[in-house]
Amino acid sequence: GLGVLDSRIVDRSMHLARLKRSLAELNIPTPHSDAEYASIFDRLIAENNMREGFLYFQITRGEADRDYVYPTGLRPNVLAFVQATPEPAAPIMGRSMRTHHALRWKRRDIKTTNLLGQFIAKKAADNQGAYEALMIDEEGLITEGGATSFFVVRDGTVVARPVDNMILHGITRQTILRVAYELGYGVALRQITLAEALLADEAFITGASSYIEPVVEIDDHVIGIGTPGPYTLALRARYLQVVRAGG
């Protein structure tokens, strides 16, 4: 989904760029121009009087008989809807996470509807009373959340896993890293182990419609002092300022 803030799509051009890349990787033609997508999105938001929430849309290859080998010349179908969420100015809650082995396929850099791995992991986390899953790969390294990007803060440095085919290239993740640079924070792109995350001063997750949320507990282990930390709160406040200004 794409975040809707003040009745506008957040980071629209970046989302559309990722969409076109994902379609190209799957050999699906782009059915609309950026301007046409913008018109569709604006119409949905206006007709539903949406101020804060998210807009979800997906594109399928088109209509054909079931087969693994698809015919050429199909006309893609587009589905879109909006859904309200609490305003971002609402009180910031510290979130809990539960680790789960990464179940997703090995082209996670492509934004698709192939979400079964996330559903399994997130439901397992929910069954344990946690807000989100924290995915751990075969080497014991953190990849991402079930539907979010994951960060830690250590000694004033914001740490995130580098982008590769094992994580989704989160749009909010990109903007948050830019904001961290602008605030003068150290930024390190490298692998993160679970042990390091448990010892972090702060941790947080980002998503297109949840923006940035503090993580205060992983597998019943308290992160930092157990409350949303100053770096996370400053990043969230500045991020909302930037995207509201159209940046």
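Structure shown above.
Computed from a prediction, not measured in an experiment: that's the story for all the values here. (Residues numbered from 1 in each chain as written. Predicted model: local features only at pLDDT ≥ 70, side-chain atom pairs only at ≥ 80, totals over all residues. Heavy atoms only, no water.)

(A) The arrangement of the pairing of strand 3 (residues 53-60) in detail. Judged from the three bridges that link them, strand 1 (residues 2-5) and strand 3 form a sheet pairing that is antiparallel. Bridge pairing in strand 3 places V4 opposite G53. Bridge count for strand 3 against strand 4 (residues 77-84) is eight bridges, and the pairing is antiparallel. Among the inter-strand pairings, F54 is bridged to a residue of strand 4, identified as Q83. (Pairing = 2+ DSSP bridges. Helix = DSSP H or I, 4+ residues; strand = E, 2+ residues; numbered from the N terminus.)

(B) Layout of the sheet that holds strand 3. With respect to topology, four strands assemble into an open sheet ordered 2-1-3-4, the strand pairing being antiparallel. Every interior strand has two partners, whereas the edge strands, strand 2 (8-9) and strand 4, have only one.

(C) Region of the structure containing the pattern of salt bridges. If you walk through the whole model with that rule in mind, you get 19 salt bridges. Residue R51 pairs with D6 through a salt bridge whose shortest N-O separation is 3.2 Å. Of this pair, R51 sits in the loop between helix 2 (34-47) and strand 3 while D6 is found in the loop between strand 1 and strand 2, placing the two residues 45 residues apart along the sequence. With relative accessibility at 23%, the residue D6 sits in the partly exposed group. A salt bridge links D164 to R161, with the nearest nitrogen and oxygen atoms 3.5 Å apart. Overall, the relative accessible area of 24% leaves D164 in the partly exposed class. (Salt bridge = Lys/Arg side-chain N within 4 Å of Asp/Glu carboxyl O. Buried < 20%, exposed > 50% of the residue type's maximum accessible area, 1.4 Å probe, protein only.)

(D) Region of the structure containing the nonpolar core. Within the largest apolar cluster, 19 residues are counted, with the highest numbers of intra-cluster contacts made by F151, V158, F204, L235 and Y239. For this core, the secondary structure elements donating two or more residues are strand 8 (149-154), strand 9 (157-160), helix 4 (171-182), strand 12 (211-218) and helix 6 (230-244). Examining the composition of this core, we find that five residues originate from one element, helix 6, more than from any other. Discounting chain neighbours no more than four positions away, the residues touching F151 are V158, V159, A160, R173, I176, L177, A203, F204 and T206. (Core = buried A, V, L, I, M, F, W, Y, C linked by side-chain atoms within 4.5 Å. Contact = heavy atoms within 4.5 Å.)

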